[in-house]
Amino acid sequence: MQVISTVAELRQRLDQQASVAFVPTMGNLHAGHLHLVELAKQHGQCVVVSIFVNPLQFGANEDLASYPRTLQADCEKLEAAGVDIVFAPAEKEVYPAPQTISITLPPIADELCGASRPGHFSGVATVVLKLFNMVRPDVAVFGKKDFQQLFLIRELVKQLNLPIEIVAGDTRREEDGLAMSSRNGYLSDAQRLEAPRLQRALKLVVEAVQKGNQDYTAIEAQTTQFLTQLGWIVDYISIRSAETLHPAEKPDRKLVALAAARLGKTRLIDNIEFSLDS
Ligand code: PAF
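Our subject in this report is the structure included herewith. Just so we're clear, the structure is a prediction, and the values are computed from it rather than from any experiment.

**Regarding the overall build of the protein chain**
Right, on to step 1. When helices and strands are counted, the protein chain shows ten helices and nine strands.
Right, on to step 2. The C-alpha radius of gyration of the protein chain comes to 19 Å, within 12% of the 19 Å expected for a compact globule of 278 residues.
Right, on to step 3. When the backbone C-alpha atoms are referred to their principal axes, the protein chain occupies close to 55 × 40 × 35 Å.
Right, on to step 4. Counting over 278 residues, the protein chain shows a buried share of 53%.
Right, on to step 5. Summarising the internal contacts of the protein chain: among those between residues at least 6 apart in sequence, 71% fall at separations of at least 24.
Right, on to step 6. Just so you have it, the protein chain exposes about 13,600 Å², and 50% of that area is on carbon and sulfur atoms.
Right, on to step 7. The positive charge centre, built from 28 side chains, and the negative charge centre, built from 33, are 2 Å apart in the protein chain.

See below:
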């Protein structure tokens, strides 16, 4: 495995590759990322993983400074997983000049996570497009835990005619159901015990909808109230079309229940995709 930090070296190394599968990450890797690597290995001869904590996607009061940077441990995991290249550029390599051009996304980017993180998805889309141009992959793999991110990246690829196949990896969970996330490490012991409740609450949402309750607004409000009473600061609980991400309506059959909520300072997100056809 080679660790490369410049675009020039990356291009030279990738020049002769028949097919490249790419996993963009911000590091602090866990089993969820390694699952994406496994998928990448099935889709390309050369697997590239980028590790770059992208300042453009963090808000002013977010955790950019404290975001865990664990390059050495990450590289050990990636080497064991059979990755060919780690691309770990410095900030100046990705943003040699102030980034005054950015991607404008459809309005759905301002809903759900975008509502409380203004500009977040534009920052994600901008860096992903730049990374795509640097790595020039045939296939790129993203996790379904970041459902809205995955949706917007698929739109980016479609609307900008990028010749890249997007592959989605299922969410990996701890034994108690908590979705794996680099931010889980911020949780105190007590918060860690409480955290799996977010998935359990989403399961109840899914159950209610599948049992025929069509008052989605009431289900969302009740779930929000339930979590709030238990000390969560709920950002949103939302039942959406899995195909458009618009608020679910009667004819929609493929749905997704999404949640974002904080325990103390730690913001957790999760989602469950489900269908109304049984
Ligand atoms: O999902 C992430 O880790 C990041 O948003 C990504 C896609 C690597 C862009 O910085």
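And the narrative resumes.
**Brief notes about the site of the ligand**
Right, on to step 1. In the neighbourhood of the ligand, the contacting residues comprise Pro24, Thr25, Met26, Asn54, Gln57, Val124, Val127, Val128, Phe142 and Gln149.
Right, on to step 2. Between Gln57 and the ligand, the recorded distance is 2.6 Å, taken from a side-chain N or O atom to an oxygen atom.
Right, on to step 3. In this structure, Gln149 approaches the ligand through a side-chain N or O atom, which is 2.8 Å from an oxygen atom.
Right, on to step 4. With the chains in place, 89% of the 290 Å² that the ligand exposes on its own is no longer accessible.
Right, on to step 5. Elements supplying a minimum of two residues to the shell around the ligand: strand 2 (20-25) and helix 6 (120-135).
Right, on to step 6. If you tally residues by element for the shell around the ligand, the top one is helix 6, at three residues.
Right, on to step 7. Taken together, the residues of the shell around the ligand sort by class into six nonpolar, four polar and no charged.

**Examining the sheet that holds strand 9 (residues 266-275)**
Right, on to step 1. Overall, antiparallel pairing links the three strands, which are arranged 7-8-9 in an open sheet. Both outer strands of the open sheet, strand 7 (233-241) and strand 9, are each paired with one neighbouring strand and no more. Pairs of neighbouring strands in the sheet enclose a mean axial angle of 10°, with direction left out of account.
Right, on to step 2. Where strand 7 lies against strand 8 (residues 254-263), eight bridges are found, and the strand directions are antiparallel. Paired with Val234 across the bridge in strand 8 is Ala261.
Right, on to step 3. Contacting strand 7, strand 8 and strand 9, helix 9 (residues 197-210) runs over the sheet at an angle of about 30° to strand 9.

**A few points about unusual backbone geometry**
Right, on to step 1. You will see that Leu112, though not glycine, has its phi angle at about 50°, which is positive.
Right, on to step 2. Summarising the element assignment, Leu112 is placed in the loop between helix 4 (91-94) and helix 5 (113-116).
Right, on to step 3. Its identity is not glycine, yet Arg136 carries a phi of approximately 50°, on the positive side.
Right, on to step 4. Relative to the helices and strands, Arg136 resides in the loop between helix 6 and strand 5 (139-143).

**Let's talk about the packing of aromatic side chains**
Right, on to step 1. Applying the stated rule across the entire model yields four aromatic pairs.
Right, on to step 2. Seen in terms of ring centroids, Phe58 and Tyr67 are 5.8 Å apart; in terms of plane orientation they differ by 75°. Their pairing is edge-to-face.
Right, on to step 3. Ring centres 6.3 Å apart and planes at 75° place the aromatic pair Phe132 and Phe142 in the edge-to-face group. Within this pair, whereas Phe132 is found in helix 6, its partner Phe142 is found in strand 5, the two being separated by ten residues in sequence.
Right, on to step 4. Judged by its relative accessible area of 4%, Phe142 falls in the buried class.

**A closer look at the sheet that holds strand 4 (residues 85-87)**
Adjacent strands of a sheet form backbone hydrogen bonds with each other and so pair up, either parallel or antiparallel.
Right, on to step 1. Spatial ordering of the open sheet is given by 1-4-3-2-5-6, a layout of six strands whose pairing is parallel. Here the strands that pair on one side only, and so sit at the sheet edges, are strand 1 (2-4) and strand 6 (165-169). Taking each pair of neighbouring strands and ignoring which way they run, the sheet shows an average axis angle of 25°.
Right, on to step 2. When strand 1 meets strand 4, the two strands line up parallel, connected through three bridges. Bridge pairing in strand 4 links Val3 to Val86.
Right, on to step 3. Helix 6 contacts strand 2, strand 3 (46-51), strand 4, strand 5 and strand 6 of the sheet and is inclined by roughly 145° relative to strand 2.
Right, on to step 4. Set on the sheet, helix 7 (residues 147-159) makes contact with strand 5 and strand 6; between it and strand 6 the angle comes to about 170°.

About the thresholds
Residues numbered from 1 in each chain as written. Predicted model: local features only at pLDDT ≥ 70, side-chain atom pairs only at ≥ 80, totals over all residues. Heavy atoms only, no water. Helix = DSSP H or I, 4+ residues; strand = E, 2+ residues; numbered from the N terminus. Rg over C-alpha atoms; globule rule 2.2 N^0.38 Å. Buried < 20%, exposed > 50% of the residue type's maximum accessible area, 1.4 Å probe, protein only. Contact = heavy atoms within 4.5 Å. Areas by Shrake-Rupley, 256 points an atom, 1.4 Å probe, with all protein chains shown as cover. Lys, Arg positive; Asp, Glu negative; His and termini not counted. Charge placed at Lys NZ, Arg CZ, Asp CG, Glu CD. Near = heavy atom within 4 Å. Polar contact = N/O pair within 3.5 Å; in protein donor to acceptor, adjacent residues only side chain to side chain. Nonpolar A, V, L, I, M, F, W, Y, C, P; charged D, E, K, R; others polar. Pairing = 2+ DSSP bridges. Axes fitted to C-alpha atoms, helices over the stretch in contact; angles between N-to-C directions. Phe/Tyr/Trp six-rings, centres within 6.5 Å; stacked < 30°, edge-to-face > 60°.

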